[in-house]
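Descriptive analysis of the structure
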Amino acid sequence: MTQIAFIGGGNMATSIIGGLIREDAVNPDLIHVSDPGEEQRQRLEADFKVHTHAENLDAIANATVVILAVKPQMMKEVLAPLAATLTARQPLLISVAAGISLPTLQAWSGCKAVVRAMPNTPALTGTGATGLFASDEVSLDQRNLADTLIGATGIAVWVKTEAEIDAVTALSGSGPAYYFLMMESMIAAGIKLGLSEDTARRLTLQTALGAGKMASASEVAPDELRRRVTSPGGTTEQAIATFEGAHLRDIVQAAMDAAARRAAELSDELGN
Ligand SMILES: NC(=O)c1ccc[n+]([C@@H]2O[C@H](COP(=O)([O-])OP(=O)(O)OC[C@H]3O[C@@H](n4cnc5c(N)ncnc54)[C@H](OP(=O)(O)O)[C@@H]3O)[C@@H](O)[C@H]2O)c1
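Residues numbered from 1 in each chain as written. Predicted model: local features only at pLDDT ≥ 70, side-chain atom pairs only at ≥ 80, totals over all residues. Heavy atoms only, no water.

A separate point is the site of the ligand. Surveying the vicinity of the ligand reveals 21 residues, the closest of which are Asn-11, Met-12, Asp-35, Asn-56 and Val-70. Here an oxygen atom of the ligand sits 2.9 Å away from a polar atom, N or O, in the main chain of Asn-11. Here the ligand loses 73% of its free accessible area of 890 Å² to cover by the protein chains. Most atoms of the ligand, that is more than half of them, are within 2 Å of grid points of the second largest pocket. Taken together, the residues of the shell around the ligand sort by class into 12 nonpolar, seven polar and two charged. (Near = heavy atom within 4 Å. Polar contact = N/O pair within 3.5 Å; in protein donor to acceptor, adjacent residues only side chain to side chain. Areas by Shrake-Rupley, 256 points an atom, 1.4 Å probe, with all protein chains shown as cover. 1 Å grid on protein atoms, 1.4 Å probe; cavity = no way out; pocket = protein on both sides within 12 Å on 5 of 7 lines; lining within 4 Å. Sits in = over half its atoms within 2 Å of the grid points. Nonpolar A, V, L, I, M, F, W, Y, C, P; charged D, E, K, R; others polar.)

Okay, structure coming up:
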């Protein structure tokens, strides 16, 4: 029986735990979460019936998998008091933190088998997208275990180099926020065009869901799906020309470059 410890019970841990439980992938009785926030712990217990702890050491006591879900800036001080236990027990360590490298995680924790995972918050609904990269010491069984756990929250994709995790962070890790920004913008524009807030919101969210589902289910590439909405001389053509005129593709590239750059910077800033 695999006991899983989450260190940090915030947004990302909640999304993964919610996904695991929703998919019946893990018995909540086998999940232990530590977080300093009492309200946070009560919420996790009430929502998911998992065990919670104020002390990180209590959460990892019998864990075969330890998932690190604290802010990158906290990681060093969180791991320092856990290193002796982790070194002795050698659980599979999975870090979801942006920008903390495998060698750094190994050095700070004393764990040899470490997986870097870059998930995203839609994990909560079973529609997460996660990039994974493993240290050489991760066994095939541990790799399969990480795959099964993360796979229960959506899709899990192993990347070939650790550097690719920064690109995954910029794409799918941060990506939900890009789509939420687009939704915010479309709701605001719909209201300015005369729709009620409720109508603009409902139509925007259903359109996002429909476009995502259609693109996922279809063999047809997004550019062709876009063309099929765009009647010559029609309305969409005007909107797309406006986006292209404002260099939307360059803006997206610059935004993702900035996110990936920040992931690399975090690694330089925090990796000592
Ligand atoms: N959010 C995302 O979309 C996302 C996506 C991919 C990866 N990530 C990664 O996930 C990690 C967590 O991000 P998040 O958005 O979930 O942040 P978060 O909501 O702030 O969660 C972190 C949690 O850790 C708690 N914590 C603080 N000090 C702790 C300690 N000493 N021991 C145990 N827990 C402690 C925090 O409590 P307090 O709030 O009381 O300080 C908070 O509840 C980050 O490394 C981030 O890079 C996040």
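Under the local residue numbering, the UniProt record ascribes the feature "domain: Pyrroline-5-carboxylate reductase dimerisation" (unreviewed entry) to residues 162–266. Between the end C-alpha atoms of residues 162–266 the distance is 14 Å, and the span holds 84% helix and 0% strand. (UniProt positions renumbered as here; feature names shortened; annotations may be inferred. Helix = DSSP H or I, 4+ residues; strand = E, 2+ residues; numbered from the N terminus.)

This part is about the packing of aromatic side chains. Taken as a whole and judged by the stated rule, the model has zero aromatic pairs. Over the ring of Trp-158 we find Arg-143; its NZ or CZ atom is 4.1 Å from the centre of that ring. (Phe/Tyr/Trp six-rings, centres within 6.5 Å; stacked < 30°, edge-to-face > 60°. Lys NZ or Arg CZ within 6 Å of the ring centre and 35° of its normal.)

To continue, consider the packing of helix H9 (residues 175–192) against helix H10 (residues 197–217). Put simply, H9 and H10 touch, their axes get as near as 9 Å, and they point 140 degrees apart. Between H9 and H10, the angle falls in the class oblique. Like other packed secondary-structure pairs, H9 and H10 cross with a definite hand, here right-handed. Along its contact with H9, which presents Met-183, Met-186, Ile-187, Gly-190 and Ile-191, the element H10 presents Glu-197, Ala-200, Arg-201, Thr-204, Leu-205 and Ala-208. (Axes fitted to C-alpha atoms, helices over the stretch in contact; angles between N-to-C directions. Parallel < 35°, antiparallel > 145°, perpendicular 65-115°, else oblique. Left-handed = near helix turned anticlockwise from the far one by under 90°. Contact = heavy atoms within 4.5 Å.)

What follows covers the UniProt feature "domain: Pyrroline-5-carboxylate reductase catalytic N-terminal" (unreviewed entry) in the protein. This chain's UniProt record puts "domain: Pyrroline-5-carboxylate reductase catalytic N-terminal" (unreviewed entry) on residues 3–99. Secondary structure over residues 3–99 splits into 41% helix and 20% strand, and the C-alpha atoms at its two ends are 26 Å apart.

It is worth spelling out the sheet that holds strand E6 (residues 114–118) at this point. Overall, mixed pairing links the eight strands, which are arranged E3-E2-E1-E4-E5-E6-E7-E8 in an open sheet. Every other strand in the sheet has two partners, leaving strand E3 (51–53) and strand E8 (154–158) as the edge strands with one partner each. Strand-to-strand twist in this sheet, taken as the mean axis angle between neighbours without regard to direction, amounts to 25 degrees. In this structure, strand E7 (residues 128–134) lies alongside E8, joined through five bridges in parallel fashion. Within E8, the residue paired with Ala-129 across the bridge is Ile-155. Running over the sheet, helix H7 (residues 140–151) touches strand E1 (4–7), strand E4 (65–68), strand E5 (92–95), E6, E7 and E8 and is turned about 145 degrees from E8. (Pairing = 2+ DSSP bridges.)

It is worth spelling out the pairing of strand E2 (residues 31–34) at this point. What you see with E2 is no split at all: Ile-31 and Val-33 on one side and His-32 and Ser-34 on the other are buried throughout. As paired strands, E1 and E2 are joined by four bridges and run parallel to one another. Its bridge partner lying in E2, Ile-4 is registered against Ile-31. Handedness of the crossover is the feature at issue here: the chain leaves E1, passes through helix H1 (residues 11–22), returns alongside E2, and the resulting connection is right-handed. Relative to E3, E2 runs parallel, the two being bridged by three bridges. The residue bridging His-32 from the neighbouring strand is His-51, located in E3. (Buried < 20%, exposed > 50% of the residue type's maximum accessible area, 1.4 Å probe, protein only. Right-handed = clockwise from strand over helix to strand, strands pointing away.)

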